[in-house]
Structures are given as structure tokens and as C-alpha cells.
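What the coordinates show
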Amino acid sequence: MISAATLTSAKAFLCWDVFENTLAVQLVPIRTAVAYYYPPLNPHHGIVVFYSPQAPDLSEALFLLFHEAGHVRQWIRLHEKHHGEHFCAMIERDKGAEKIAFEQEAWHCGKELLERFVQHAHLDPVVLEQYDLYGQACLLSYADGRDRRSTAQ
């Protein structure tokens, strides 16, 4: 079970230990509708995680935080090769095998970061198995009828 304190610790870990002040993370407890505007050319990567403060387990918010951090790693890698065009094209896709592969990579990159955090925060390693299961379920949302079998790999 993931607490709000663990989620806050994960935010600090990613912002200070992993991405060294190039990542801004907002953890937003949500009870009503909210909106955020980020101006263009923001010098920091930004992640916003909305979660219910009443939830007894914030695992889903933690998993989404690390998945999005996986996208930050993708951006850094792809931006060096393609100046961001490929990343932007892939992030805007909604379905298909290429989108699934792109998202799988982000889940994988996020898991590498989560493994480090699990050690750092002395969490039960079962969190990593739960992360994988949650990621697989999320990947199903990108599949069209022809792509469902590729998410099981």
C-alpha cells in the first residue's frame, strides 16, 4: 500500500536525485475540476499527477508518476537524435502497434527508475510486480483489434 508520504518521497527522488532540478512534478489532490496552463518553451520537464487524497492506496498515482518519468527519459534520448519530432509524433498517436511500443518503452524506463526508488525508500519489491501488471493493463488501451496480442509480450 502506497501512502501520500511515499508519493511525496517519490516526487523528491525524481526531481532532485534522478533529473537534478530539470523536472517539475505537481502532485494534485483532486476533489473538483482543475486546469493548468504551461507556457511554451518551459525550461523544465513537467509532470502533473492527479490523485484522490481519500484513496487508501496511492499505488496507481505512483505508477503513473514513474511511467511519466519514463517519458522524460524517452524525450531526452529521442531529442538528441530527432530534435523531438519523433517523440511528439508518437505521444500524439492514440492507438496501434507503434504507440504500444512507444508506451512500453516508457513503462520500461519508468520501471528502471522505480527499481531505484524501491531500494532508496526501502519499499516492498512486490511494488515492481504491481507496476508491471498496471502497465500491461494500461497498454491495452492503446490496442486496436489487431494489436491486442502485442501487449502481452
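About the criteria used
- Residues numbered from 1 in each chain as written.
- Predicted model: local features only at pLDDT ≥ 70, side-chain atom pairs only at ≥ 80, totals over all residues.
- Heavy atoms only, no water.
- Helix = DSSP H or I, 4+ residues; strand = E, 2+ residues; numbered from the N terminus.
- Rg over C-alpha atoms; globule rule 2.2 N^0.38 Å.
- Axes fitted to C-alpha atoms, helices over the stretch in contact; angles between N-to-C directions.
- Parallel < 35°, antiparallel > 145°, perpendicular 65-115°, else oblique.
- Contact = heavy atoms within 4.5 Å.
- Nonpolar A, V, L, I, M, F, W, Y, C, P; charged D, E, K, R; others polar.
- Core = buried A, V, L, I, M, F, W, Y, C linked by side-chain atoms within 4.5 Å.
- Buried < 20%, exposed > 50% of the residue type's maximum accessible area, 1.4 Å probe, protein only.
- Phe/Tyr/Trp six-rings, centres within 6.5 Å; stacked < 30°, edge-to-face > 60°.
- Polar contact = N/O pair within 3.5 Å; in protein donor to acceptor, adjacent residues only side chain to side chain.

**With respect to the overall build of the chain**
Scanning the chain from N- to C-terminus turns up 5 helices and 2 strands. In sequence order, the secondary structure elements of the chain are arranged as α-β-β-α-α-α-α. In terms of C-alpha radius of gyration, the chain reaches 16 Å, essentially the compact-globule figure of 15 Å for 153 residues. Expressed as lengths along the three principal axes of its C-alpha atoms, the size of the chain is roughly 40 × 35 × 35 Å.

**What to know about the packing of helix α2 (residues 59–82) against helix α3 (residues 85–92)**
The geometry of α2 relative to α3 is characterised by a closest axis approach of 7 Å and an angle of 135 degrees between their N-to-C directions. The pairing of α2 with α3 is recorded here as oblique in orientation. Every residue of α3 that contacts α2 at H71, Q74, W75, L78 and H82 is listed here: E85, H86, F87, C88 and I91. Its residues placed into classes, the contact of α2 with α3 shows 5 nonpolar, 4 polar and 1 charged.

**Description of the nonpolar core**
In terms of nonpolar packing, the biggest core is built from 34 residues, with L14, L62, F66 and L114 touching the most fellow members. Of all the secondary structure elements, the ones that give two or more residues to this core are α1 (4–18), β1 (23–29), β2 (45–51), α2, α4 (97–121) and α5 (126–139). Considering each element in turn, this core owes the most residues, 7 residues, to α2. Excluding anything up to four places from it in sequence, F66 contacts A10, F13, L14, G110, L113, L114, F117 and Y131.

**As for the packing of aromatic side chains**
By the definition in use, this model includes 8 aromatic pairs. With a centroid separation of 5.4 Å and an interplanar angle of 85 degrees, the aromatic rings of W75 and F87 are classed as edge-to-face. Here W75 is found in helix α2, whereas its partner F87 is found in helix α3, with 12 residues between them in sequence. Overall, the relative accessible area of 24% leaves W75 in the partly exposed class. You can call F87 buried: its relative accessible area is 10%. Their ring planes at 70 degrees and their centres at 6.0 Å tell us that W107 and Y134 sit as a pair that is edge-to-face. In this pair, W107 sits in helix α4 while Y134 sits in helix α5, placing the two residues 27 residues apart along the sequence. The pair formed by W107 and Y134 is uniform in burial state, with each residue classed as buried.

**Things to note about the side chain of H71**
Along the chain, the position of H71 falls in helix α2. For H71, a relative accessible area of 6% gives the class buried. Here Q74 takes part through its side chain, which lies 2.6 Å from a polar atom of the side chain of H71. Once residues within four sequence positions are removed from consideration, H71 is found in contact with F87, I91, F102, E103 and A106.

So yeah, pure geometry; function would need other evidence.
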